[in-house]
Amino acid sequence: MLPSFTAIAVLVLASVSVASDHGLVQEVTDQRLLAAENDPANWITHGRDYAEQRFSPLNEVNTESISDLDLAWFYDFDDKRGLQATPLIIDGVMYVTASWSVVVALDAQTGELLWKYDPQVPREQAYRYCCGAVNRGVAAWGESVFVGTLDGRLISIDRVTGQPRWSALTIPEGENYSITGAPRVIKGKVIIGNAGSEYGVRGYVSAYDAASGEQVWRFYTVPGNPELGFENPQMEIAAETWSGEWWTFGGGGTVWDSLAYDPELDLLYVGVGNGAPHSKHIRSPGGGDNLFLCSILALRPDTGEYVWHYQEVPGETWDYTATQHMILVDLPWQGEQRKLLLHAPKSGFFYVLDRETGELLSAEKFGTRVNWASHYELDSGRPVLTPGADYAAEPFMVYPVGVGSHNWHPMSFSPQTGLVYVPGQHMGAELSSESDFKIEENVWNTGVETSLPFHNQQLNRTLSQAFTNGFLLAWNPLTQRKAWQVSRPFIGNGGVLSTAGQLVFQGTVDGFFTAHNAETGAELFRYAAGNGIVGSPVSYAIGNTQFISVPAARGGGISLIAGSELDPTTANGRILAFALNGKASLPMPERNTVGARQPPQMPEVDDQVLQQGLELYHRYCNRCHGSGVVSDGSIPDLRYLDPVWHENFEEVVLNGMMISAGMPRFDQVLDSEAVRAIQAYVLDQAHQAYDMREGNSLWFIVKQKSYDLLAWLLLKMDILASP
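Throughout what follows, the structure given in this document is the object of discussion. Predicted, not measured: the structure shown is a model, and the values here were computed from it.

1. What about the side chain of R153?
Here is step 1: Structurally, R153 can be placed in strand β9 (residues 153–158).
Here is step 2: For R153, a relative accessible area of 18% translates into the label buried.
Here is step 3: A distance of 2.7 Å separates a polar side-chain atom of R153 from the backbone oxygen of P119.
Here is step 4: Excluding its chain neighbours within four sequence positions, the residues that come into contact with R153 are P119, Q120, V121, V147, G148, S167, A168, L169, T170 and I179.

In structure tokens:
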């Protein structure tokens, strides 16, 4: 039985009063975390409860009342960079992270700023961070909240004052690790992983004492150099599944996002990432499964002791990971009540595991198109690969490509409908292994070559429209079948919340916050957020009022790299909070004149220079400024630079003129000739974008209409070809 809504509301209001009048807070204890499922007024851990179901029992906002849902308050940050966080709401206070690992505490009823903590992440080290200056949230325990910072620190912050209590460096100093994921707290221990596989690091997950910041244990996910010995028996066994000198490449396997915990079984579930380099033909040339890449590990949270593992993609070579959101449920599986772990990661298969033993019970394709494997054999738990899919002999058009059928954006499970709601996407690319691979410092070392965008921007956009899209999927984990699906025009859309009001909430990267009927998928609510949404919504209550809140600011990872033909936003990142009969309204957006002026004159260069610029741009620039020089708007779109920046292009790129803003210097890997080639390619794309906007000739209009028709035909062909 759930505690009464009124009783919880009284408790919340009382604790808020204590916090504001006396500088005290109600502690987040182990008991509160264990009982989080039965505390609908608060959202005190990343997935609302340890099972990570992201389901709110609140139902004041429902399929009938949603017509009265409107903005109650908003809070604006001071920059446009991506907001990927899941806010925590504890006793009337919201704790949420922003770019550069900044943490703010807000009054959850009004949006008033209570405090702000900036860990002063060094902007000049932005080259170390894989996927934007983003952060996915904090954890809470005792009177502290904990944040992992981009530069690898774990920091305890006083919940009332916003002052740091302790700080621990969780990574080897000077190496290209970073932290973007949210910590979890289990029995007084803060659990944290990290990112950085693309830079050639060795993955691990660690536990720190929440009171002191002392490291309690660390479990490496891939083996190191055998000559230096192994940390535990599992690393010795894992080393037998690798070949060559993998440790010189790092190996990868970073734990950069998903964690879950079963208190009854006392098991911590850890999602392990991709290999480093991505191509297994380079990192492990003699083959092998490369444990524990792309695996789910079950560990004891007190000691880090290994209990079991399941490897979803043996010998991972497609940048697939098991770091996507895991959900724990107890359901009748084929007539028997089972403790299940549900997982829908990049690979495009929906996995159902017995979470006591790690046994694979089912794996079925949920992705719009999945061609790297035909199916899984349940007896062995292994996929049956499509011939040639590992691109060892020749290039292969892979679906999904490394962004995955589902990336980090959290999914949700509703115990009312029995459905899992997955923020999915569809994207493919031709992959081949680099023939002359060599490690370079401070850039991605994937070992994979992919088909580069064409010089022709309109054709490139046409192909992107035809073969790339997002979707919100309702999936039945017991039948392993789709219940319903809603299409999205772009990939990289936000996380999902389901509620007892029979609603499913999701934000979209093109700037809308939506709600759908949980049974049918019918859209019941749409709000123009003034910015793209990639973060995750939550629900909580203050008094008798239910709130739905979501961060809004696109940027990071998929959003940055893929880019999109969206008008660059004029709005900063913001937190939006909705309630029935909300009375707030967003300020009118400034008129966006970006792209209206003609770009600077194109230099006289030949196609060879443009091709060189294209290749260099996509090696060093596109992970922040977008493929094809198409930005997502969270940082400047290089096609629309003011002339002064082109006049100082070399100063910015080579000499670090804008290093304080997070733009690295590249004088270690580029020279003046290379920078001029990149600038020529950028200007070429700028002129094409201007022509597309202006429609400068009848021939251009005819060509554009022809490409639109081509996109439609390819899209239809792709749908027909999908399994």
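2. Considerations on the nonpolar core
Here is step 1: In terms of nonpolar packing, the biggest core is built from 89 residues, with W73, M94, F505, F513 and Y540 touching the most fellow members.
Here is step 2: At five residues, strand β40 (residues 574–580) tops the list of elements feeding residues into this core.
Here is step 3: Dropping the residues within four chain positions of it, M94 is found in contact with W73, P87, L88, I89, V104, A105, L106, A108, Y540, S549 and I575.
Here is step 4: Within the second largest apolar cluster, 34 residues are counted, among which are A51, A373, Y376 and V401.

3. Some thoughts on the environment of G304
Here is step 1: Relative to the helices and strands, G304 resides in the loop between β19 (295–299) and β20 (306–311).
Here is step 2: Considered as a pair, G304 and R218 are 86 residues apart in the sequence and their alpha carbons are 6.5 Å apart.
Here is step 3: Apart from residues lying up to four places away in sequence, G304 is in contact with W217, F219 and L299.

4. Concerning the packing of aromatic side chains
Here is step 1: Tallied over the entire structure, the rule returns 30 aromatic pairs.
Here is step 2: Between W318 and W372, the ring centres sit 5.1 Å apart and the planes meet at 45°, which makes this aromatic pair tilted. You can see W318 sitting in the loop between β20 and β21 (326–333) and its partner W372 sitting in the loop between β24 (360–365) and β25 (373–377), a full 54 residues away along the chain. Comparing W318 with W372 shows no difference in burial state: the two are buried.
Here is step 3: Centre to centre, the rings of Y527 and F578 are 5.0 Å apart; their planes meet at 80°, and the pair counts as edge-to-face. Residue Y527 is found in strand β37 (residues 523–528), and its partner F578 is found in strand β40; the two are separated by 51 residues along the sequence. As far as burial versus exposure is concerned, Y527 and F578 are alike and both buried.
Here is step 4: Members of the aromatic cluster, connected to one another through ring pairs, are Y310, W318, Y320, F349, Y351, W372 and Y376.
Here is step 5: In this arrangement the basic side chain of R369 is found over the ring face of Y399, its NZ or CZ atom lying 4.4 Å from the centre.
Here is step 6: The ring of F512 carries R526 above its face, with NZ or CZ at 4.5 Å from the centroid.

5. Quick word on the sheet that holds strand β7 (residues 139–141)
Here is step 1: Pairing is antiparallel across the open sheet formed by four strands, whose spatial order is β7-β8-β9-β10. Looking at strand neighbours, the two that pair on one side only are β7 and β10 (164–169), the edges of this open sheet. The mean inter-strand angle of the sheet, taken between neighbouring strand axes irrespective of direction, is 20°.
Here is step 2: Bridge analysis of β9 against β10 gives five bridges, and the strand direction is antiparallel. Within the sheet, the bridge partner assigned to R153 lies in β10 and is L169.

What counts, and at which threshold
Once a new chain begins, its residue numbering starts again from 1 and follows that chain's sequence as written. Residue-level local features of this predicted model are given only where pLDDT is at least 70; pairs of side-chain atoms are given and counted only at 80 or more, and the full residue set underlies all totals for whole chains, interfaces and linings. Water and hydrogen atoms were dropped before computing side-chain values, which therefore reflect all heavy atoms in the structure. Under the DSSP-based scheme used, a helix requires at least four consecutive residues in state H or I and a strand at least two consecutive residues in state E, with every element numbered from the N terminus. Each residue gets one of three labels from its accessible area relative to the maximum for its type: buried under 20%, exposed over 50%, partly exposed in between, using a 1.4 Å probe on protein chains only. Under the rule applied, a polar contact is a pair of N or O atoms within 3.5 Å (in protein, one hydrogen donor and one hydrogen acceptor; residues adjacent in sequence only if both atoms are side-chain atoms). Two residues form a contact once any of their heavy atoms are found within 4.5 Å. By convention a nonpolar core is built from buried Ala, Val, Leu, Ile, Met, Phe, Trp, Tyr and Cys residues, the set being connected through side-chain atoms within 4.5 Å. Between 30 and 60 degrees the pair is tilted, below 30 it is stacked and above 60 it is edge-to-face, where a pair is any two Phe, Tyr or Trp rings, Trp via its six-membered ring, whose centres lie within 6.5 Å. Two conditions define a charge sitting above a ring: the NZ of Lys or the CZ of Arg must be within 6 Å of the ring centre, and it must be within 35 degrees of the ring normal. Any two strands are treated as partners once DSSP identifies two or more bridges connecting them. A fitted line through C-alpha atoms represents every axis, and for helices the fit uses only the stretch in contact; the resulting angles, taken between N-to-C directions, go from 0 to 180 degrees.

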